[in-house]
Amino acid sequence: GAVVSQHPSWVICKSGTSVKIECRSLDFQATTMFWYRQFPKQSLMLMATSNEGSKATYEQGVEKDKFLINHASLTLSTLTVTSAHPEDSSFYICSARGQGLEQYFGPGTRLTVT
Amino acid sequence: GIQVEQSPPDLILQEGANSTLRCNFSDSVNNLQWFHQNPWGQLINLFYIPSGTKQNGRLSATTVATERYSLLYISSSQTTDSGVYFCAVPRENTDKLIFGTGTRLQIFP
């Protein structure tokens, strides 16, 4: 149990375009989903927290107009990177939490902006 | 805010060896998780251990909340144990996880 999927696994896009990443909880309802970013050989940094049906809350320094988060249902959250630039290239990971405190993580999406 | 430090930062061992990874945190917590990030980037939940000791096969973990540290023990290491091990604790009064600095483990045959 507690499986979280992400799609796509990797994506290459041109500078200035937008990219959408999906995060799904497959076998449980996620009251809260989280989005993280990880640069090479670094730890995970929380970008934003989303609850179903409400606006996401963003961490300090994360541009909410650039990283659009939509938590449309209890099993789906999406992250859209708008007007991507090469510095947005990174590994994006989502996690989901059900009724308990434990978080379960998706396999990640590797974004490369050329 | 809460600080989470892990040691050692890197560990290189031969298959069959045992290891102990440490996680220190700067404030009281009600939740602590250990993860293994495999070479493909997937984080695998190892333990949810706010206090006490748990064991799962060759892995075990102990959290001493009053002294603000947790230990992860790996016995009889296998090459598939390679990767980065993270501990994570929640920011005060939230469910938002703060990740430690990580320990990169390499197991050679």
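Scroll up a little and you will see the structure.
Here goes a summary of the coordinates provided. Numbering of residues begins from 1 in every chain and follows the order in which that chain's sequence is written. Working convention: letters from A go to chains and numbers from 1 go to ligands, in the order in which they are written. Where local features are concerned, this predicted model is filtered to residues with pLDDT of at least 70; where side-chain atom pairs are given and counted, the filter is 80 or more; whole-chain, interface and lining totals use all residues. To get the side-chain values, all heavy atoms of the structure are used, and hydrogens and water are removed first.

1. Description of the overall build of chain A
(1) Moving on: By definition, any uninterrupted DSSP run of H or I lasting at least four residues is a helix, any uninterrupted run of E lasting at least two residues is a strand, and each is numbered from the N terminus. On a plain count of helices and strands, chain A comes out with 0 helices and 11 strands.
(2) Moving on: Starting at the N terminus and walking to the C terminus, you meet the elements of chain A as β-β-β-β-β-β-β-β-β-β-β.
(3) Moving on: Relative to the globule expectation of 13 Å for 114 residues, the C-alpha radius of gyration of chain A, 13 Å, shows essentially globular dimensions.
(4) Moving on: Seen along its three principal axes, the alpha-carbon backbone of chain A occupies a region of about 40 × 25 × 20 Å.
(5) Moving on: Expressed as a percentage of the 114 residues in chain A, the buried residues total 50%.
(6) Moving on: Considering only intrachain contacts with a sequence separation of at least 6, the fraction spanning at least 24 residues in chain A is 54%.
(7) Moving on: Counting only carbon and sulfur atoms, one obtains 53% of the accessible surface of chain A, whose full area is about 5,600 Å².
(8) Moving on: Only four residue types enter the charge count, namely Lys and Arg as positive and Asp and Glu as negative; His and the chain termini do not. To locate a charge, take atom NZ for lysine, CZ for arginine, CG for aspartate or CD for glutamate. Between the centroid of the 10 positive side chains of chain A and the centroid of its 9 negative side chains there is a distance of 5 Å. Our radius of gyration is a C-alpha quantity, and the globule rule it is checked against amounts to 2.2 Å times the number of residues to the power 0.38. Relative accessibility decides the category of a residue: with a 1.4 Å probe and only protein chains considered, values under 20% of the type maximum give buried, values over 50% give exposed, and everything between is partly exposed. In this description, contact between two residues means that some pair of their heavy atoms is separated by no more than 4.5 Å. Only the protein chains shown count as cover for residues, with accessible areas throughout obtained via the Shrake-Rupley method and a probe of 1.4 Å.

2. Some thoughts on the state of the cysteines
(1) Moving on: Disulfides are defined as pairs of cysteine sulfur atoms found within 2.5 Å of each other. If you walk through the whole model with that rule in mind, you get 2 disulfides over all chains.
(2) Moving on: The partner cysteine of A:Cys23 in its disulfide is A:Cys94, sulfur to sulfur 2.0 Å. With the S-S dihedral at roughly 80 degrees, the linkage between A:Cys23 and A:Cys94 falls on the right-handed side. Here the residue A:Cys23 occupies a position in strand β3 (residues 19–25), and A:Cys94 occupies one in strand β9 (residues 90–97), the gap between them amounting to 71 residues.
(3) Moving on: The exposure class assigned to A:Cys94 is buried, which follows from its relative accessible area of 0%.
(4) Moving on: Disulfide partner of B:Cys23: B:Cys87, at an S-S distance of 2.1 Å. Disulfide B:Cys23-B:Cys87: the torsion about the S-S bond is 80 degrees, which places it as right-handed. Separated by 64 residues along the polypeptide, B:Cys23 in strand β3 (residues 19–25) and B:Cys87 in strand β9 (residues 83–90) bring together distant segments of the chain. Neither residue differs from the other here; B:Cys23 and B:Cys87 are each classed as buried.

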